[in-house]
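Secondary and tertiary structure notes
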Amino acid sequence: MAAPSPGYSITLQVETPVSFTATTDLAAAVAATGAAVTALDVVESHHSSMIVAVSCDTVDVDHAETVRTAVEALEGVTVHEITDRTFQLHQGGKIETTLRVPLRTRNDLSRAYTPGVARVCKAIAEDKELARQFTIKKNTVAVVTDGTAVLGLGDIGPEAAMPVMEGKAALFKQFAGVDAWPVALDTKNTEEIISIVKAIAPAYGGINLEDISAPRCFEIEARLREELDIPVFHDDQHGTAIVVQAALTNALKLTGKKIEDVKIVVAGVGAAGTAIIKLLKASGARHIVAAGRVGIIERGSQHADSNRQWLADHTNEEGFSGSLKEAVSGRDVFIGVSAPNLLDEADVATMNEGSVIFAMSNPDPEVHPEIASKYAAIVATGRSDFPNQINNVLAFPGFFRGLLDAGAADITDEMLVVAARAIAETITDEELNPSFIIPSVFDPEVSVRVAEAVAQVATPRG
């Protein structure tokens, strides 16, 4: 059975006869199903019965029903209600707007709205740059999606993408104090998306493209970068690449290998994989092969997709031809941003001594960490229930904080490199170990360090 996850957390409202062992019996029944008890509270207590709220993490929806059945099998016990805590958290959405200024008197209203606001409007009309000083623009980001590549769910549409976009906005605020707002577009047309984002750009200090499928995401980002005077960041590409580079920097420090010497194979040539490879090369990597669904991208091969053509022109200098399974043999680093269960134990056993495996497919990685760790010196995943979670939250909040603070108009490779370095250096040499190559997303230093590093190399507008 897979491990219980907070993503499938439930709370059961249970009525049970009063006894000295009532709560321990409930906890034992839940634990016997493989669920992880996280809280147990007596909500009401009466002469002959009591109401107990039992919270636990389960594996999936079916497992939650198994827990209910096991609890109801106890003598005299009734389950009155079962609550999915994930759905409960999303009830009514996760974000809201609040006021930064008081609106308690007529004078407040006269300055914040009419007639006083007209003076500010006229000043901005004469100098549009004043919008950064006298509106929300300086600290506001649009999180733009069309819902075509949402997490591991694929094309589920803009409405279904909203919980993720709200979560993204919440992370911006929590970790970097950036105000972000979801913009879910009911169109997949590249030109329409570009046109809409350009039209709404005056209200924002930056654009965060999110969960837009490849290869359209590449053109959308490139065009918007050319046509807007505010930074445009595709988190699926650059956020992922930054954190991967940070983790690999520390992993190689532990294994005593240099990035220019190691042989790397990257599985997945969509938005994330392509960006990872570009940043690896910008950071000094020289020996990379890239694998798509049909095998290794061969040097000099011809592709209609310009991004795959770039990969064919800039990777696989050794001229390797074959499958992914064959490609991992004799490699030092495997980076997966593709699909589950692509490699087995026999495959990872063929990698070089002191190998590094980043298996980041979610929720099921390219190779299970327990198997990978038998042979690899360092293993990382995209999951929170294993050591070394490679999580974009380490990058994008601080990255945008730095962009906004500097008034940057564009994003450069240098910014990506220094952001990765800042994340890696958050962990001291004394702290660094095979199970701790990347800091926690809750480390308050991370966003600050990334913001400062990005702001130092950013070129302000104008």
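Being a predicted model, the structure only gives us computed values, none of them experimental.

1. Here's the deal with the overall build of the chain
Tallying secondary structure elements over the chain gives 18 helices and 14 strands in all. Across its three principal directions, the C-alpha atoms of the chain cover 75 × 75 × 45 Å. By residue count, 47% of the 462 residues in the chain fall in the buried class. In the chain, of all internal contacts separated by at least 6 residues, the share reaching a separation of at least 24 is 67%. Here the chain displays about 22,300 Å² of accessible surface, and carbon together with sulfur accounts for 52% of that area.

2. Description of a nonpolar patch on the surface
A grouping of Leu99, Leu103, Leu109 and Tyr113 is seen on the molecular surface, where their side chains present a nonpolar patch of about 460 Å² in accessible area. Mapped onto the secondary structure, leucine 103 falls in the loop between helix H3 (85-90) and helix H4 (106-112).

3. Observations regarding the environment of leucine 248
Mapping leucine 248 onto the fold places it in helix H10 (residues 235-255). Residue leucine 248 is classed as buried on the basis of its relative accessible area of 0%. Separated by 109 residues in the primary sequence, leucine 248 and isoleucine 357 place their C-alpha atoms 9.6 Å from one another. Not counting the four nearest positions on each side in its chain, leucine 248 is found in contact with Ile259, Ile264, Leu280, Val333, Val356 and Phe358.

4. Quick word on the packing of helix H17 (residues 413-424) against helix H18 (residues 444-457)
Following both chains from N to C, one finds H17 and H18 inclined at 150°, their axes separated by 8 Å at the closest point. Relative to H18, the element H17 lies roughly antiparallel. For the crossing formed where H17 meets H18, the hand is right-handed. Two secondary-structure elements touch here, H17 through Glu414, Met415, Val418, Ala419, Ala422 and Ile423 and H18 through Val446, Arg449, Val450, Ala453, Val454 and Val457.

5. A closer look at the sheet that holds strand S11 (residues 295-296)
The strand order S11-S10-S9-S12-S13-S14 describes an open sheet built from 6 strands, whose pairing is mixed. Of all strands in the sheet, those with a lone pairing partner are S11 and strand S14 (378-381), marking the two edges. Looking at chain direction, strand S9 (residues 263-267) and strand S12 (residues 333-336) are connected through 4 bridges and run parallel. Counterpart to valine 266 in the pairing with S12 is isoleucine 335. Sheet contacts for H10: S9, S12, strand S13 (356-359) and S14; angle to S13, the most-contacted strand, approximately 155°.

6. Here's the deal with unusual backbone geometry
In this model, threonine 114 is joined to proline 115 through a cis peptide bond whose omega is 10°. Assignment of secondary structure puts proline 115 in the loop between H4 and helix H5 (117-126). Note that the residue after alanine 214, namely proline 215, is joined by a cis bond; omega there is 5°. Of note in this structure, asparagine 316 is not a glycine but carries a positive phi near 55°. You can call asparagine 316 buried: its relative accessible area is 0%. Although it is not a glycine, asparagine 388 sits at a positive phi angle of roughly 60°. With respect to the helices, strands and loops of the structure, asparagine 388 is situated in the loop between S14 and helix H16 (396-406). The exposure class of asparagine 388 is buried, given its relative accessible area of 5%.

7. Examining the sheet that holds strand S4 (residues 78-84)
Spatially, the 4 strands line up as an open sheet ordered S2-S3-S1-S4, and their pairing is antiparallel. Both edges of this open sheet fall to strand S2 (36-45) and S4, since each of them pairs with a single strand only. Sheet twist, expressed as the average angle between the axes of neighbouring strands with direction ignored, equals 20°. Pairing between strand S1 (residues 5-17) and strand S3 (residues 49-58): 10 bridges, direction antiparallel. Among the inter-strand pairings, serine 9 is bridged to a residue of S3, identified as aspartate 57. With respect to the sheet, helix H2 (residues 61-72) is in contact with S1, S3 and S4, its orientation differing from that of S1 by roughly 15°.

8. Some details on the packing of aromatic side chains
This model, assessed by the stated rule, comprises 5 aromatic pairs. An angle of 75° between the planes, with centres 5.4 Å apart, marks the rings of phenylalanine 172 and phenylalanine 400 as edge-to-face. Residue phenylalanine 172 is located in helix H7 (residues 158-176), and its partner phenylalanine 400 is located in helix H16; the two are separated by 228 residues in the primary sequence. As far as burial versus exposure is concerned, phenylalanine 172 and phenylalanine 400 are alike and both buried. Aromatic rings pair up to connect Phe172, Phe233, Phe396, Phe399 and Phe400 into one cluster. Geometry around tryptophan 310 places lysine 278 over its ring, the cationic atom sitting 5.0 Å from the centre. In this structure, arginine 331 is placed above the aromatic ring of phenylalanine 320, and the distance from its NZ or CZ to the ring centre is 5.8 Å.

9. What to know about the nonpolar core
Side chains that are nonpolar tend, in soluble globular proteins, to be buried together. Counting 75 residues, the largest nonpolar core has Ile242, Ile264, Leu280, Ile335, Phe358, Phe399 and Ile423 as its most contacted members. Apart from the residues within four sequence positions on either side, isoleucine 242 is in contact with Phe233, Leu279, Ala395, Phe399, Leu416, Ala419, Ala420 and Ile423.

10. A word on the pattern of salt bridges
For the structure on display, the rule yields 25 salt bridges. Aspartate 146 is the partner of arginine 216 in a salt bridge, and the nearest nitrogen-oxygen pair spans 2.7 Å. Placement of arginine 216 in helix H9 (residues 216-227) and of aspartate 146 in the loop between strand S5 (140-145) and H7 is noted, with a sequence separation of 70 residues between them. For aspartate 146, a relative accessible area of 2% gives the class buried. For lysine 168, the salt bridge is made with glutamate 210, and the minimal N-O distance between the two is 3.1 Å. With lysine 168 in helix H7 and glutamate 210 in the loop between strand S7 (206-209) and H9, this pair connects stretches of sequence that are 42 residues apart. Residue classification places lysine 168 among the buried residues on the basis of a relative accessible area of 8%. Residue class for glutamate 210 comes out buried when judged on its relative accessible area of 4%. Each of the salt bridges in this network shares a partner with another, and the network as a whole consists of Glu191, Lys198, Glu219, Arg223 and Glu227.

Cut-offs used in this document
- Residues numbered from 1 in each chain as written.
- Predicted model: local features only at pLDDT ≥ 70, side-chain atom pairs only at ≥ 80, totals over all residues.
- Heavy atoms only, no water.
- Helix = DSSP H or I, 4+ residues; strand = E, 2+ residues; numbered from the N terminus.
- Buried < 20%, exposed > 50% of the residue type's maximum accessible area, 1.4 Å probe, protein only.
- Contact = heavy atoms within 4.5 Å.
- Areas by Shrake-Rupley, 256 points an atom, 1.4 Å probe, with all protein chains shown as cover.
- Patch = residues over 30% accessible without salt bridge, like charges linked within 9 Å, V, L, I, M, F, W, Y side chains within 5 Å.
- Salt bridge = Lys/Arg side-chain N within 4 Å of Asp/Glu carboxyl O.
- Axes fitted to C-alpha atoms, helices over the stretch in contact; angles between N-to-C directions.
- Parallel < 35°, antiparallel > 145°, perpendicular 65-115°, else oblique.
- Left-handed = near helix turned anticlockwise from the far one by under 90°.
- Pairing = 2+ DSSP bridges.
- Phe/Tyr/Trp six-rings, centres within 6.5 Å; stacked < 30°, edge-to-face > 60°.
- Lys NZ or Arg CZ within 6 Å of the ring centre and 35° of its normal.
- Core = buried A, V, L, I, M, F, W, Y, C linked by side-chain atoms within 4.5 Å.

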